[in-house]
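Descriptive structure summary
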Amino acid sequence: QVGVMYVNMLDALAMQRKLAKADSMMAQWARAQPTSGIRLSSAFRWAFSKGEYDRALAYADSVGTRNDPSWQRISRHQRGVVFRVRGQLASADREELREAEIARTSGTPAQVMVAQVEMAMSDIQVPGRAVAGLRRIDSAVGKFPMNSVNPADRPYLFLSAFYVRAGEVGKAERTLP
């Protein structure tokens, strides 16, 4: 897939700190595949990584115009990321709830849990709300049909990363298979 080659090239250029070349590569990709979902999603990541949040939000909105639920879910997640970094946690959580609903109705239950983890991350970053974040995740884990999800798709990494950030290393270790 052409888009994957561009993604890999951009990641390599970014790791080498060849940012001007990566900008040039993004422009080339835009000319070659102006409406590609993967390009728009990658353009979000690129703009976000440079702190260009308004531009990143515009790319996320473009991703969300597609009829495919997976792109709509990604758009909601990306929008939530921008709102979260701006400190607009209520807006971020609304986007994550929309992401979770799209995941639920499109049959991707692991992504429902990822949205819950994102919202709980907001909780633990605000002084006095860590317990609420832990309760949110413990409740979500209790309701999550882990055994009905393909083992390769289970959100172990997201859950364990959350527990580590919340200071619950023991829970993080028990989360991993």
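Before any of the text, the structure's been laid out above.
First, a word on what this report is: a plain description of the structure on this page. (Residues numbered from 1 in each chain as written. Predicted model: local features only at pLDDT ≥ 70, side-chain atom pairs only at ≥ 80, totals over all residues. Heavy atoms only, no water.)

**Here's the deal with the overall build of the protein**
Rule in force here: Secondary structure follows DSSP: runs of H or I at least 4 residues long count as helices, runs of E at least 2 residues long count as strands, and numbering of each begins at the N terminus. Burial classification: accessible surface area is computed with a 1.4 Å probe over protein chains only, and a residue below 20% of its type maximum counts as buried, one above 50% as exposed, and the rest as partly exposed. Contact between two residues is taken to exist if any of their heavy atoms lie within 4.5 Å; hydrogens are not considered. The method behind every accessible area is Shrake-Rupley, applied with a 1.4 Å probe, and residues are considered shielded solely by the protein chains displayed. For the charge count, each Lys or Arg is scored as positive and each Asp or Glu as negative, with His and the chain ends excluded. Where a charge sits is defined by one atom per residue type, namely NZ (Lys), CZ (Arg), CG (Asp) or CD (Glu).
Helix and strand counts for the protein stand at ten helices and zero strands. Ordered by position in the sequence, the α and β elements of the protein form the string α-α-α-α-α-α-α-α-α-α. With respect to the three principal axes, the spread of C-alpha positions in the protein is 45 × 35 × 30 Å. When burial is assessed residue by residue, the protein has 41% of its 177 residues classed as buried. Within the protein, residue pairs in contact and separated by at least 24 positions form 45% of the contacts whose partners lie at least 6 positions apart. A total accessible area of about 9,500 Å² is found for the protein, and carbon and sulfur atoms account for 55% of it. If you average the places of the 25 positive and of the 17 negative side-chain charges in the protein, the two averages end up 3 Å apart.

**Notes on helix α9 (residues 156-165)**
Spelled out, the test is: Throughout, the arc means that of the directions going from the helix axis to the C-beta atoms.
For α9, the full list of buried residues reads Tyr 156, Leu 159, Ser 160, Phe 162 and Tyr 163. With its buried residues spanning 155° around the axis, α9 presents them on a single face. Away from the buried face of α9 by more than 90 degrees, exposed residues Leu 157 and Arg 165 are located. Elements that come into contact with the buried residues of α9 comprise α7 (109-125), α8 (130-143) and α10 (169-175). Once α9 finishes, Gly 167 follows within two positions and takes phi at roughly 85°, a positive value.

**Comments concerning the packing of aromatic side chains**
Rules: We call Phe, Tyr and Trp rings a pair once their centres come within 6.5 Å, taking the six-membered ring for Trp, and we label the pair stacked below 30 degrees between planes, edge-to-face above 60, and tilted otherwise.
Taken as a whole and assessed by the stated rule, the structure comprises four aromatic pairs. Aromatic pair Phe 44 and Phe 48: ring centres 5.7 Å apart, planes at 20°, arrangement stacked. Remark: Phe 48 and Phe 44 occur in helix α3 (residues 37-49); sequence separation between them is four residues, near one turn of the helix. Given a relative accessible area of 5%, Phe 44 falls into the buried group. Between Phe 48 and Tyr 53 the ring centres are 5.2 Å apart and the planes differ by 55°, which places this aromatic pair in the tilted class. Ring pairing ties together the aromatic residues Phe 44, Phe 48 and Tyr 53, which thus form one cluster.

**A short note on the environment of Arg 154**
Let me state the cut-off plainly: Think of a polar contact as two N or O atoms within 3.5 Å of one another; within protein, one of them needs to be a possible hydrogen donor and the other a possible acceptor, and neighboring residues in sequence only count if both atoms come from side chains.
Tracing the sequence through the fold places Arg 154 in the loop between α8 and α9. The sequence separation of Arg 154 and Trp 71 amounts to 83 residues, and the corresponding C-alpha distance is 20 Å. Apart from the residues lying within four places of it in its own chain, the contact partners of Arg 154 are Met 146, Asn 147 and Val 149. There is a polar contact of 2.8 Å between the side chain of Arg 154 and the backbone oxygen of Val 149.

**Re α7**
Formally: Expected helix span is given by 1.5 Å per residue-to-residue step, counting one fewer step than there are residues.
Relative to the 24 Å expected for 17 residues at 1.5 Å per residue, α7 spans 25 Å between its end C-alpha atoms, a close match to the ideal helical length. Counting buried positions along α7 yields 14 of 17 residues, so the element is predominantly enclosed.

**Comments concerning the nonpolar core**
Applicable threshold: Residues belong to a common nonpolar core when they are buried Ala, Val, Leu, Ile, Met, Phe, Trp, Tyr or Cys residues joined through side-chain atoms within 4.5 Å.
Ranked by size, the top nonpolar core spans 22 residues in total, and within it Leu 10, Met 26, Trp 29, Phe 44 and Tyr 59 carry the most contacts. Of all elements in the fold, only α1 (2-15), α2 (19-32), α3, α4 (53-63) and α5 (69-85) reach the threshold of two or more residues within this core. When sequence neighbours within four positions are dropped, the list of residues in contact with Met 26 reads Leu 10, Arg 39, Ser 42, Ala 43 and Trp 46. Membership of the second largest hydrophobic core comes to 17 residues, among which are Ala 110, Ile 137, Ala 140 and Tyr 163.

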